[in-house]
Amino acid sequence: MSNRLEVKIGINPISWSNDDLPSLGGETPLSTALNEGREIGYQGFELGNKFPKDPAALRDLMAGYQLDVVSGWYSGRLATRSVEEEIASVESHLDLLAKNGCKVMVYGEVANAIQGERSVPLYKRPRFDDESFKRYGERLTAFGKHLLTRGVRLAYHHHMGAYVESPDDIDRVMAYTGEDVGLLFDSGHAYFGGGDPLTILGKHIGRVCHVHCKDVRPSIIRHARNRQWSFLDSVLNGVFTVPGDGAIDFAGIVELLRENHYKGWLIVEAEQDPAVAPSYAYASLGYRTLRGLVDNVRTKEAA
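Let us look at the structure shown here. (Residues numbered from 1 in each chain as written. Predicted model: local features only at pLDDT ≥ 70, side-chain atom pairs only at ≥ 80, totals over all residues. Heavy atoms only, no water.)

## Description of the packing of helix 4 (residues 130-148) against helix 5 (residues 167-175)
Inclusion rule: An axis is simply a line fitted to the C-alpha atoms; with a helix, the fit covers only the stretch in contact. Between two such axes, the angle follows the N-to-C directions and lies from 0 to 180 degrees. Here a strand is any run of E in DSSP of at least two residues, a helix any run of H or I of at least four, and the numbering for each starts at the N terminus. Note on angle classes: values under 35 degrees are labelled roughly parallel, values over 145 roughly antiparallel, values of 65 to 115 roughly perpendicular, and the remainder oblique. Definitions for this section: a left-handed crossing has its near helix turned counterclockwise from the far helix by less than a right angle. A right-handed crossing has that turn clockwise. Contacts: residue pairs with any heavy atoms within 4.5 Å of one another. Throughout this entry, Asp, Glu, Lys and Arg are counted as charged residues, while Ala, Val, Leu, Ile, Met, Phe, Trp, Tyr, Cys and Pro are counted as nonpolar. The remaining residues, Gly among them, count as polar.
At a closest axis distance of 8 Å, the pairing of helix 4 and helix 5 adopts a crossing angle of 55°. Classed by the angle they form, the pair helix 4 and helix 5 counts as oblique. The way helix 4 lies across helix 5 gives a crossing that is right-handed. For the pair formed by helix 4 and helix 5, the contact residues are Asp130, Phe133, Tyr136 and Leu140 on the first element and Asp169, Arg172 and Val173 on the second. Grouping the constituent residues of the contact of helix 4 with helix 5 by class yields 4 nonpolar, no polar and 3 charged.

## Regarding the pairing of strand 1 (residues 6-11)
Our working rule: Note: two strands are recorded as paired if DSSP finds a minimum of 2 bridges between them. The definition of a right-handed crossover adopted here requires that, viewed with the strands pointing away, the path from the first strand over the helix to the second runs clockwise.
Looking at chain direction, strand 1 and strand 11 (residues 263-268) are connected through 6 bridges and run parallel. Bridged to Ile9 within strand 11 is Leu266. Examined bridge by bridge, strand 1 and strand 2 (residues 44-45) share 2 bridges and lie parallel to one another. In the sheet register, Ile11 faces strand 2, and the bridge partner there is Phe45. Handedness of the crossover is the feature at issue here: the chain leaves strand 1, passes through helix 1 (residues 30-40), returns alongside strand 2, and the resulting connection is right-handed.

## Details of the sheet that holds strand 11
To summarise the sheet geometry, strands pair through backbone hydrogen bonds and adopt either a parallel or an antiparallel arrangement. Read across the open sheet, the 9 strands follow the order 3-2-1-11-8-7-6-5-4; overall the sheet is parallel. What marks the edges here is a single partner per strand, and that holds for strand 3 (68-69) and strand 4 (73-76). Here strand 7 (residues 181-186) runs beside strand 8 (residues 208-213); their pairing, made up of 4 bridges, is parallel. When the bridges of strand 8 are listed, Phe185 appears paired with Val211. Relative to strand 7, helix 7 (residues 197-204) is tilted by about 165°, and along the sheet it contacts strand 7 and strand 8.

As structure tokens, then:
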């Protein structure tokens, strides 16, 4: 079997405007992000609040920029509500993704999460006991099966300030769910959550269906822990950045994905203040870093 790396490189609009912190680029029009992203070389975008919610309107908009719709975040609440309630809640978003050719849906658990609470330090995040985790996994699996009836796979986003944050949490959510639930591997959240990104990726590579390429500044992580910052304060202080500007080994990540026949998207996603980290410059750096690594791997494959 060929180990050829079959990936596309996309970006999240958070580099231009942050949905959770409108003060960070909230005034930037969507057209700016799409024009600049295409000019840099990105092949697609994940969704944000400024994108159309009507499937046809979204398809027409993105076709005009010759960009793919990659996926979109869904704020799930399966930690506290039933599968039936979640299926009813997701319908319009699922329809939007399915009708725009998306193969994955980013699932972020927001029930009891503190990621959007600026006054709440990260150590106060919610946690499951083992029995609750098992029941949660059962609901996730059933929900994932429903999404697949529309050709969309659940990509579970481990995230700071939520139930699934640490390496142990990731192990358990994968253990307590079936194959219908995929893993969104986020390098930055893996590192900030206390793990080694390469170790986590290697352990769960068989379930990885989507990849967020986020770099970190370890000195800011230390401050965030020592000073008991919230997630949003950590972001405002520059905990995340784009590939090529932090400490994560993206060459190792790309090679591990190649070795395991990953097919899908690599998404640059780094919450930063565009007044401090100019959108175009940092989006360009993230793209050039990943493009160089992917091209280098493909050159070796062809040799």
